Amino acid sequence: MRSAYLSYAAKRFAQAVIVILLAYVFTFVVVSILPGDPITNVLRAPQNGFSEDQIRQIIAAQGLDRPIPVQLWTSLSNFVTGDLGLSMRSSRPVTTLIAEVLPSTLILASAAFAIALLLALTIAYGTQFVPKRCGQGLLRGFPSLFLSVPNFVIGLALIHIFGFQLGLFRVIAPDSFWATFFAAIALGGPVSARITEVLIANLDKESEQEYAAVARSRGLGQARLFARHLLKPSSLPVVTVIALAIGELLGGSLITETVFGRTGIGSLVQRSVSTQDLPVLQAVVSLAAVVFVLVNLIADLVYPLLDPRVKLIGGRRVRPTTADDSATATSAAVTS
Amino acid sequence: MIARFSSLSLSRRRLLAATSVVTAVALTAMAGLSPARSAGAPPTGGDITFLIDSLGSTWIPNNSAISSFQGHVWGHVTDKLVYVDADGKVSPWIAESWEQNGDATQFTLHLKKGVTFSDSTPLDAAAVVANLDIWYAGRKSDGINPIGLFPKTYERAEAVDAATVKVFFKAPTLGFIPTLGYHGSILISPKTIAQPAAQQADLSKTSGSGPYVVASWKEGDFVKLVKRKDYNWGPAAVGHTGPAYLNSITYKLVSEPSLRVAAVQSGQADVAYSPSPQELKSLKEAGFTIATPRYLGFVNGLAINTKLEPYNDVKVRQALQAGIDRKEIIDTVYTPDWKLATSFIQSNVPGATDHSDLLAYDPGKAEKLLDEAGWIKGANGIRTKEGKQLSLTLHSNPYLATAKSVDELIAQQLGKIGWKVTIRAYDVVTFGEKVRFGGPAVPAYEVTRSFIDAGTVASILTDANNGENWFNLGDSDKKLNELRDKIAGAASLDIRNPLLDELQTYVLEQGYFIPRTQIVQRIYVQSPKLKGEVYNGIAYASYYTATIGE
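Residues numbered from 1 in each chain as written. Chains lettered and ligands numbered in written order. Predicted model: local features only at pLDDT ≥ 70, side-chain atom pairs only at ≥ 80, totals over all residues. Heavy atoms only, no water.

## Quick notes on the packing of aromatic side chains
All names here are of chain B.
Part 1 of the reasoning: Taken as a whole and judged by the stated rule, the model has 41 aromatic pairs over all chains.
Part 2 of the reasoning: Of the aromatic side chains, those joined through ring pairs into one cluster are Phe298, Phe344, Phe431, Phe437, Tyr445, Phe451, Trp470 and Phe513.
Part 3 of the reasoning: The ring centre of phenylalanine 168 lies 4.0 Å from the NZ or CZ of arginine 156, which sits over that ring.
Part 4 of the reasoning: Above the ring of tyrosine 540, the side-chain terminus of arginine 522 is found at 4.1 Å from the ring centroid. (Phe/Tyr/Trp six-rings, centres within 6.5 Å; stacked < 30°, edge-to-face > 60°. Lys NZ or Arg CZ within 6 Å of the ring centre and 35° of its normal.)

As structure tokens, then:
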């Protein structure tokens, strides 16, 4: 069993490394074949007044006139040794740029994630125990509401109401507690929606199970029933959704950071995309790939340890399914 | 203090401020509460926040000084050899005086003594030579660009003694002294210049000699400047030479325009840059200071591709010149802060002359010219000749937010006299890729560009000396070539000015350049508490002389 797990872990790890490298190459190729040459365009901007000859010299000095495969190979070998190069735009080391913005995004993303979970749990709890005539339907409508209102609209509304009208925070100090709190709401709201939907679906299912009826007949309180009995079985598929939510947090942070004037990974991506700053884009996409791969790797490695029914056959995890295995069934329904 | 400033835009701004005092009760009360001001001594202290839409890309001085955004920061962190005010008047700054030889090929600069960079290196002749050299040549192997608008006729500079620099040119370069006041010509410590590009890109490691130094910064986020207490070499033209009054200036990036303005309205910030022109009227009425300084340069207009049919026909170009109602553009798209174009260069450029008569709206004349050129109006109102429609494609300038609205209005105006106008709007990258002066699908290229000296103009219009060949004329127009050579070789303004006047008449008459409006690219919305800022010849606000009230 132990050696089976180790070989499974090794395989997973190797796969993860390959995925990261492929993501790197893919980004490089995509950005390289995009129409338009960002560097020449910047140099050609009318106010610079460079001659074509000067532009050629500048391009050659940066090695950008070499064939794409050569540039890719140089870039990839530097990446493997941890050298992310210099930003084309600012000439500063890419690692410095990322180190400057990463903390802000991590704080925002974790706050948004906490808020998303809290919202999801509160709303899901409500849908189980608020009577139909007292607005249960309204609560069930929340996820679709969050999904349909764009992130930036929520953000702008929060800024105007709590920032400018009530003066709770200042847009010029976006890293303050309240500014972060409201940015986290704007970002976490839509993320909570998906988690809530899955949670509600599973709670609905679980509360119809016999054990729930038995628990209720024994006079168990609502809160205890929810926390002790319903939440745990309903949460298993939610773990999958949470992994997906990390992607949404990364994507959403781009807009939220722009709206709230925060300087994080999102705003770095935005600036780098608009100027096609290849080294920075490479680094950020690779970073995102690392995060995704790590989250999945951890999930994969932890799953067999948590669920004793999972068998490891030839480096893959196989779980025997039975007809009444509701968790697996729901999980399949969610991911399909 | 008011009397000491002489710039046009400033007096207009002050007039506006005065109007707001009358309208806003709160403001009247405030004006009464500033005894320090009325006594004549400006209040020292205070911190301001300037909200900006971008902080540009890099801080390598040579590569960034040309950007419209970083120019705000450089203007406080660095000094220049000469000062150029909003009327293009050149006055001493770090260069206390200068002489030039008869044919404008040699210049001697006499420097102010006792000036130091913030890294305590002296700003002496050697430092000036190091700056001139890197402005001209850059350090391409290291990714440091030359400054594009620095005279390409530069030969060398030498330090005669610690306070005297002699500069040599290969050909007459009348524009040299004014160019020293351009936003690219910022004086940087020789220690900084010697650093590799990656070091220079770190703003906190760059030393200038300006009234403020960088206290902290974060890329794409903010730059905080604090004043230098020993600063004592400001340009006399702004009426103050000692340390700045304000303690600190923070440039903070807020990319959403409505948030920048709302933050100033709610008192969270002091200045909002680049609001939308449509908002200005209500902000002005609410008591905010609005500044729309013009910069020295070309007006906003269209450079015509004379190789492309039917624009190879002078009558068609003249019809275009007469068929645009420039007054309507200002009334519809802009506010009265925008001025009518009077030439193809801005009216505040020294040497600009008034040619409004050539730019008058006369649709009757335009229709007559088109009839003569053989373009006959069809049943659908569009003119045709030999089966071809009279068409014009306009590529809206992605650098100017209002460009597309102006294009739409022009399309309507020209539509009335039988033109079929198509508008294409590209993003910055695509625009740079597809739209070029004289490009095969570009009948008209929209221009907005600043410069300091009108002598620059002649070198751009044709392809001589690596010129940009705006009208795709090459060297084919004899008269234009003659004017270009005479202007470039002029040894004095007395010789050059009549030639410049002739050039303006000729270019407009030939319909080579179709002006739209004078350009206002930098718009400021400012809290009424902040007073006394100055706008230079490139329309950057300097808060060196500014004070803030309670």
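## A few points about the packing of helix 6 (residues 136-148) of chain A against helix 8 (residues 177-207) of chain A
Residue and element names in this part refer to chain A.
Part 1 of the reasoning: One can describe the packing of helix 6 onto helix 8 by two numbers: an axis separation of 8 Å at closest approach and a directional angle of 150°. Between helix 6 and helix 8, the angle falls in the class roughly antiparallel. Considering only the axes of helix 6 and helix 8, their crossing is left-handed. Facing Arg140, Pro143, Phe146 and Leu147 of helix 6, the residues of helix 8 in contact are Gly189, Pro190, Ser192, Ala193, Arg194, Thr196, Glu197, Ile200 and Asp204. (Axes fitted to C-alpha atoms, helices over the stretch in contact; angles between N-to-C directions. Helix = DSSP H or I, 4+ residues; strand = E, 2+ residues; numbered from the N terminus. Parallel < 35°, antiparallel > 145°, perpendicular 65-115°, else oblique. Left-handed = near helix turned anticlockwise from the far one by under 90°. Contact = heavy atoms within 4.5 Å.)

## Here's the deal with the interface of chain B and chain A
Part 1 of the reasoning: In this assembly, 43 residues from chain B lie in contact with 42 residues from chain A.
Part 2 of the reasoning: Carbon and sulfur atoms make up 55% of the surface buried where chain B meets chain A, a total of about 3600 Å² over both sides.
Part 3 of the reasoning: Scanning the region where chain B abuts chain A turns up 2 salt bridges.
Part 4 of the reasoning: Run the count over chain B and chain A and you get 9 residue pairs in polar contact (both at pLDDT 80 or more).
Part 5 of the reasoning: Listed by contribution, the elements that provide at least two residues to the side of chain B that touches chain A are strand 1 (47-52), helix 9 (197-200), strand 8 (212-218), strand 10 (248-253), helix 10 (257-265) and helix 16 (428-434) of chain B.
Part 6 of the reasoning: Among the residues forming the side of chain B that touches chain A, the class breakdown is 17 nonpolar, 14 polar and 12 charged. (Buried area = accessible area lost by both parts, 1.4 Å probe. Salt bridge = Lys/Arg side-chain N within 4 Å of Asp/Glu carboxyl O. Polar contact = N/O pair within 3.5 Å; in protein donor to acceptor, adjacent residues only side chain to side chain. Nonpolar A, V, L, I, M, F, W, Y, C, P; charged D, E, K, R; others polar.)

## Focus: the sheet that holds strand 16 (residues 388-389) of chain B
Part 1 of the reasoning: If you walk across this open sheet you meet the 3 strands as 14-15-16 (chain B), and the pairing is antiparallel. Two strands lie at the open edges of the sheet, namely strand 14 (376-377) and strand 16 of chain B, each paired on one side alone. (Pairing = 2+ DSSP bridges.)

## Re the environment of alanine 213 of chain A
Residue and element names in this part refer to chain A.
Part 1 of the reasoning: Residue position: alanine 213 is located in helix 9 (residues 210-217).
Part 2 of the reasoning: Residue alanine 213 is classed as partly exposed on the basis of its relative accessible area of 41%.
Part 3 of the reasoning: Separated by 67 residues in the primary sequence, alanine 213 and phenylalanine 146 place their C-alpha atoms 32 Å from one another. (Buried < 20%, exposed > 50% of the residue type's maximum accessible area, 1.4 Å probe, protein only.)

## Brief notes about helix 15 (residues 403-416) of chain B
All names here are of chain B.
Part 1 of the reasoning: Taking 1.5 Å as the rise per residue, helix 15 with 14 residues should run 20 Å; its terminal C-alpha atoms sit 20 Å apart, in good agreement.
Part 2 of the reasoning: What helix 15 keeps buried is the set Ala403, Val406, Asp407, Leu409, Ile410, Ala411, Gln413 and Leu414.
Part 3 of the reasoning: Buried positions along helix 15 lie against helix 12 (314-322), helix 13 (326-332), strand 17 (391-396), strand 18 (420-425), strand 19 (444-447) and strand 20 (513-517).
Part 4 of the reasoning: Positive phi appears at glycine 418, one or two residues downstream of helix 15, with a value of about 105°. (Expected span 1.5 Å × (residues − 1).)

## Things to note about the environment of valine 25 of chain A
Residue and element names in this part refer to chain A.
Part 1 of the reasoning: On the secondary structure map, valine 25 appears in helix 1 (residues 2-33).
Part 2 of the reasoning: On the basis of relative accessible area, valine 25 is assigned to the partly exposed category, the value being 25%.
Part 3 of the reasoning: Filtering out sequence-adjacent residues up to four positions away, valine 25 remains in contact with Leu72 and Leu76.

## Description of the UniProt feature "transmembrane region" (unreviewed entry) in chain A
Part 1 of the reasoning: Following the UniProt record, one finds the feature "transmembrane region" (unreviewed entry) at residues 12-34, 101-125, 145-164, 176-195, 238-260 and 280-306 of chain A.
Part 2 of the reasoning: Regarding residues 176-195 of chain A, the helix share stands at 95% and the strand share at 0%, and the terminal C-alpha atoms are separated by 28 Å. (UniProt positions renumbered as here; feature names shortened; annotations may be inferred.)

## Observations regarding the side chain of threonine 127 of chain A
All names here are of chain A.
Part 1 of the reasoning: When you line up the elements, threonine 127 lands in helix 5 (residues 94-129).
Part 2 of the reasoning: Here the side chain of threonine 127 touches alanine 124 through a polar contact of 2.6 Å, landing on its backbone oxygen.
Part 3 of the reasoning: Beyond its immediate chain neighbours, meaning those up to four positions away, threonine 127 contacts Gln136, Leu139, Arg140 and Ile200.

## Comments concerning the pattern of salt bridges
Residues and elements named next belong to chain A.
Part 1 of the reasoning: Within this structure, the stated rule accounts for 32 salt bridges over all chains.
Part 2 of the reasoning: With a shortest N-O distance of 2.8 Å, arginine 92 and glutamate 100 are connected by a salt bridge.
Part 3 of the reasoning: The class of arginine 92 is buried, set by a relative accessible area of 5%.
Part 4 of the reasoning: The exposure class of glutamate 100 is partly exposed, given its relative accessible area of 24%.

## Some remarks on the domain arrangement of chain B
Think of interface size as the accessible area that goes away when the parts come together; that is how it is often given.
Residue and element names in this part refer to chain B.
Part 1 of the reasoning: Domain boundaries in chain B define domain 1 (47-293 + 523-548) and domain 2 (297-518).
Part 2 of the reasoning: For domain 1 versus domain 2, the separation of C-alpha centres amounts to 31 Å.
Part 3 of the reasoning: Contact residues are listed per partner, giving 24 residues for domain 1 and 20 residues for domain 2.
Part 4 of the reasoning: For the domain 1 and domain 2 pair, buried surface summed over both sides reaches about 1600 Å², with 61% attributable to carbon and sulfur atoms.
Part 5 of the reasoning: Broken down residue by residue, the surface that domain 1 buries against domain 2 is led by Leu174, Tyr182 and Pro277, which jointly contribute 30%.
Part 6 of the reasoning: At the junction of domain 1 with domain 2, the criterion picks out 1 salt bridge.
Part 7 of the reasoning: Here aspartate 337 and lysine 284 are joined by a salt bridge, their closest N and O atoms 3.2 Å apart.
Part 8 of the reasoning: Across the contact surface, domain 1 and domain 2 share 4 residue pairs in polar contact (both at pLDDT 80 or more).
Part 9 of the reasoning: A class-by-class count of the residues in the side of domain 1 that touches domain 2 yields 12 nonpolar, 9 polar and 3 charged. (Domains from an automatic or database assignment.)

## Here we look at the domain arrangement of chain A
Residues and elements named next belong to chain A.
Part 1 of the reasoning: Splitting chain A by domain gives domain 1 (1-81) and domain 2 (98-306).
Part 2 of the reasoning: Distance between the C-alpha centres of domain 1 and domain 2: 32 Å.
Part 3 of the reasoning: Taken together, the 20 residues of domain 1 in the interface contact 15 residues of domain 2.
Part 4 of the reasoning: Taken together, the two surfaces of domain 1 and domain 2 that pack against each other cover about 1500 Å², and 73% of this comes from carbon and sulfur.
Part 5 of the reasoning: Across the domain 1-domain 2 interface, the total number found is 1 residue pair in polar contact (both at pLDDT 80 or more).
Part 6 of the reasoning: Those elements that place two or more of their residues in the side of domain 1 that touches domain 2 are helix 1 and helix 4 (68-80).
Part 7 of the reasoning: When residues of the side of domain 1 that touches domain 2 are assigned to their parent elements, the largest contribution, 14 residues, is made by helix 1.

## Focus on the confidence of the model for chain B
All names here are of chain B.
Part 1 of the reasoning: Of all residues in chain B, 93% have pLDDT values of 70 or greater, and the mean over the chain is 88.
Part 2 of the reasoning: Confidence drops under pLDDT 50 across residues 1-39; counting only partners more than four residues distant or on other chains, this segment forms 49 contacts.
Part 3 of the reasoning: With pTM at 0.80, the complex prediction returns an ipTM value of 0.72. (pLDDT = per-residue confidence, 0-100.)

## Some words on the nonpolar core
Part 1 of the reasoning: Of all hydrophobic cores here, the largest spans 121 residues; its most connected members are Leu81, Leu132 and Tyr543 of chain B.
Part 2 of the reasoning: Here this core gets 7 residues from one element, more than from any other, and that element is helix 6 (residues 125-137) of chain B.
Part 3 of the reasoning: Both domain 1 (47-293 + 523-548) and domain 2 (297-518) of chain B contribute no fewer than three residues apiece to this core.
Part 4 of the reasoning: Not counting the four nearest positions on each side in its chain, leucine 81 of chain B is found in contact with Pro92, Trp93, Ile94, Ala95, Leu109, Leu111, Val128, Trp135, Leu180 and Leu187 of chain B.
Part 5 of the reasoning: The next biggest cluster of nonpolar side chains, apart from the first, holds 71 residues, and it includes Leu187 of chain A together with Ala272, Phe288 and Val406 of chain B. (Core = buried A, V, L, I, M, F, W, Y, C linked by side-chain atoms within 4.5 Å.)

## Side note on the packing of helix 7 (residues 151-165) of chain A against helix 8 of chain A
Residue and element names in this part refer to chain A.
Part 1 of the reasoning: Two elements in contact, helix 7 and helix 8, have axes whose closest approach is 8 Å; the angle formed by their N-to-C orientations is 155°. Relative to helix 8, helix 7 is oriented roughly antiparallel. Seen from above, helix 7 lies across helix 8 with right-handed handedness. Counting all contacts with helix 7, which are made through Asn151, Ile154, Gly155, Leu158 and Phe162, the residues of helix 8 involved are Phe182, Ile185, Ala186 and Leu187.
Part 2 of the reasoning: Residue classes in the contact of helix 7 with helix 8 are distributed as 7 nonpolar, 2 polar and no charged.

## Topic: the pairing of strand 10 of chain B
Residue and element names in this part refer to chain B.
Part 1 of the reasoning: With 6 of its 6 residues buried, strand 10 lies for the most part within the structure.
Part 2 of the reasoning: Every second residue of strand 10 is oriented toward a common face, with Ser248, Thr250 and Lys252 on one face and Ile249, Tyr251 and Leu253 on the other, all of them buried.
Part 3 of the reasoning: In this sheet, strand 10 lies alongside strand 1 in parallel orientation, the contact comprising 6 bridges. Considered in strand 10, the bridge of aspartate 47 is made with serine 248.

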